[in-house]
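Letter by letter, the chains look like this.
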Amino acid sequence: MSDNNFTIRPIELFKVLSDPTRLKIFQILFNKESRCVGELVEILDQPQPTISRHLNHLKKLGILSCVRDGTWMWYEVADDLPEWCQEILDITYKQISSKDIDMSKPAEI
């Protein structure tokens, strides 16, 4: 469960998902499988500080929740998202595939 006590605003949701790395992290975690930073570093082939920074953006917004298990942090899509947000994320997940996300360049806003 997420530890956030605030409401996600649509503009923040779209802004945070506009980054290709964060969108790919969302895609990996969407099926409710928990992953640790090390697994995401390996999957995305990016440095640990970069992945941690992106996870923090998603967590601060409330899209992700995390659980500490010893020295490991396990991340997953939050289960208490507002209904409108969950619907947008469901549609987004169904419409994207890994080939659609160009990890080589940052999102343009």
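Refer to the structure printed above.
To start, this report covers the structure provided alongside it. No experiment lies behind these values; they were computed from the predicted model shown.

### So, the sheet that holds strand β3 (residues 72-77)
Link 1 in the chain: Read across the sheet, 3 strands follow the order β1-β3-β2 without closing on themselves; strand pairing throughout is antiparallel. The sheet terminates laterally at β1 (35-36) and β2 (64-69), the two strands that pair on one side only.
Link 2 in the chain: In the packing of helix α2 (residues 20-29) onto the sheet, contacts are made with β1, β2 and β3, and the angle to β3 comes to roughly 85°.
Link 3 in the chain: Lying on the sheet, helix α4 (residues 48-61) is in contact with β2 and β3; it crosses β2 at an angle near 115°.

### Here we look at the nonpolar core
Link 1 in the chain: Grouped together as the largest cluster of nonpolar side chains are 28 residues, with contacts concentrated most on Leu17, Ile25, Leu55, Ile63, Leu64, Tyr75 and Leu89.
Link 2 in the chain: Of all elements in the fold, only α1 (10-17), α2, α3 (37-44), α4, β2, β3 and α5 (83-95) reach the threshold of two or more residues within this core.

### Examining the pattern of salt bridges
Think of it this way: side chains of opposite charge can pair up when their charged atoms draw near.
Link 1 in the chain: Within the structure shown, the criterion is met by 2 salt bridges.
Link 2 in the chain: Its salt-bridge partner being Glu12, residue Arg9 comes within 3.7 Å of it at the nearest N-O pair.
Link 3 in the chain: For Glu12, a relative accessible area of 30% puts it in the partly exposed group.
Link 4 in the chain: In this structure, Arg35 engages Glu33 in a salt bridge whose closest nitrogen and oxygen atoms are separated by 3.6 Å.
Link 5 in the chain: What makes Arg35 partly exposed here is its relative accessible area of 21%.
Link 6 in the chain: For Glu33, a relative accessible area of 43% puts it in the partly exposed group.

Conventions and cut-offs
- Residues numbered from 1 in each chain as written.
- Predicted model: local features only at pLDDT ≥ 70, side-chain atom pairs only at ≥ 80, totals over all residues.
- Heavy atoms only, no water.
- Pairing = 2+ DSSP bridges.
- Helix = DSSP H or I, 4+ residues; strand = E, 2+ residues; numbered from the N terminus.
- Contact = heavy atoms within 4.5 Å.
- Axes fitted to C-alpha atoms, helices over the stretch in contact; angles between N-to-C directions.
- Core = buried A, V, L, I, M, F, W, Y, C linked by side-chain atoms within 4.5 Å.
- Buried < 20%, exposed > 50% of the residue type's maximum accessible area, 1.4 Å probe, protein only.
- Salt bridge = Lys/Arg side-chain N within 4 Å of Asp/Glu carboxyl O.

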